[in-house]
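Listed below are the residues making up each chain.
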Amino acid sequence: MTVFAVEYVYAADSTEARSAARPAHREWTSGLAQDGAILASGPYGDGAGALLIFKTADESALNSILKQDPFAAAGVIAGTRITEWSPVTGMLAGFAA
């Protein structure tokens, strides 16, 4: 399994749409956390985006998961950056490949 850092950049003027989609998005992330696919997630303090840490087989599997995000369906994500990540220190270090 590989760990990925996924950064979302929210679309400008998407506050209302995000608020409407947030309950479904959080239910989606909670389910993925229970399954062990999401190690951590949450919005940035400035409200411009979010960071999600995933553990998946590969980037193709991750992209399949990301397509299911209710935020994606709501059109509130303007950009996504996916980076393979190797945590070596701290609570997530045990998840490194």
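Below you will find a few notes about this structure. Once a new chain begins, its residue numbering starts again from 1 and follows that chain's sequence as written. Reporting of local features is limited, given that this is a predicted model, to residues whose pLDDT is at least 70; pairs of side-chain atoms are given and counted only at 80 or more, and all residues count toward the totals for whole chains, interfaces and linings. To get the side-chain values, all heavy atoms of the structure are used, and hydrogens and water are removed first.

1. Observations regarding the environment of isoleucine 77
- In this description a helix means any DSSP run of H or I spanning at least four residues, a strand means any run of E spanning at least two, and both kinds are numbered starting from the N terminus. The topology assignment puts isoleucine 77 in strand S4 (residues 77–85).
- Sequence separation of isoleucine 77 and arginine 18 is 59 residues, and the distance between their C-alpha atoms is 9.2 Å.
- Setting aside residues up to four positions removed in sequence, isoleucine 77 forms contacts with Tyr8, Val9, Ala11, Asp69, Phe71 and Ala72. Note on definitions: a residue-residue contact is assigned when non-hydrogen atoms from the two residues lie within 4.5 Å.

2. Here's the deal with the layout of surface pockets
- A cavity here means a set of 1 Å grid points, computed over protein atoms only, where a 1.4 Å probe fits but cannot escape. A pocket is an open set with protein on both sides within 12 Å along at least 5 of 7 lines, and lining residues have an atom within 4 Å of a point. Grid points are joined across faces, edges and corners, and a volume is the space filled by probe spheres set on the points. Approximately 190 Å³ is the volume found for the largest pocket.
- If you trace the largest pocket, you find 14 residues lining it, with Tyr10, His25, Arg26, Gly42 and Pro43 closest to the centre.
- Looking at the lining of the largest pocket, the elements with two or more residues in it are strand S1 (2–10), helix H1 (15–35), strand S2 (38–43) and strand S3 (49–56).
- A total of five residues in the lining of the largest pocket trace back to one element, the largest contributor, which is H1.
- Residues that form the lining of the largest pocket fall into these classes: six nonpolar, five polar and three charged. Classification used: nonpolar for Ala, Val, Leu, Ile, Met, Phe, Trp, Tyr, Cys and Pro, charged for Asp, Glu, Lys and Arg, polar for all others including Gly.

3. Some remarks on the sheet that holds S4
- The strand order across the open sheet built from four strands is S2-S3-S1-S4, with neighbouring strands paired in antiparallel fashion. The open sheet has two edge strands, S2 and S4, and neither has a second partner. For this sheet, the mean angle separating the axes of adjacent strands, direction not counted, is 15°.
- Pairing of S1 with S4, which is carried by eight bridges, proceeds in the antiparallel orientation. Bridge assignment links valine 6 to a residue of S4, and that residue is isoleucine 82.
- Helix axes are fitted to C-alpha atoms over the stretch in contact, other axes to C-alpha atoms as well, and angles between N-to-C directions run from 0 to 180 degrees. Of the strands in this sheet, S1, S2 and S3 touch H1, which is tilted by about 160° from S2.
- Where helix H2 (residues 59–66) meets the sheet, it contacts S1, S3 and S4, and its direction lies at approximately 130° from that of S3. Paired strands, as defined in this entry, are two strands with at least two bridges between them according to DSSP.

4. So, H1
- By this rule, a helix spans an expected 1.5 Å times one less than how many residues it contains. Taking 1.5 Å as the rise per residue, H1 with 21 residues should run 30 Å; its terminal C-alpha atoms sit 29 Å apart, in good agreement.
- Bend, at a single residue, is the angle you get between axes fitted to the 7 residues ending at that residue and the 7 residues starting at it. The largest bend along H1 measures about 50° and falls at arginine 22, with the proline proline 23 one to four residues further on.
- For each residue, the accessible area found with a 1.4 Å probe, counting protein chains only, is set against the maximum for its type, and the residue is called buried under 20%, exposed over 50%, and partly exposed in between. Buried residues of H1: Arg18, Ala21, His25, Trp28, Thr29 and Leu32, and no others.
- At its buried positions, H1 is contacted by S1, S2, S3, H2 and helix H3 (70–74).
- Within two residues after H1, glycine 36 carries a phi angle of roughly 85°, on the positive side.

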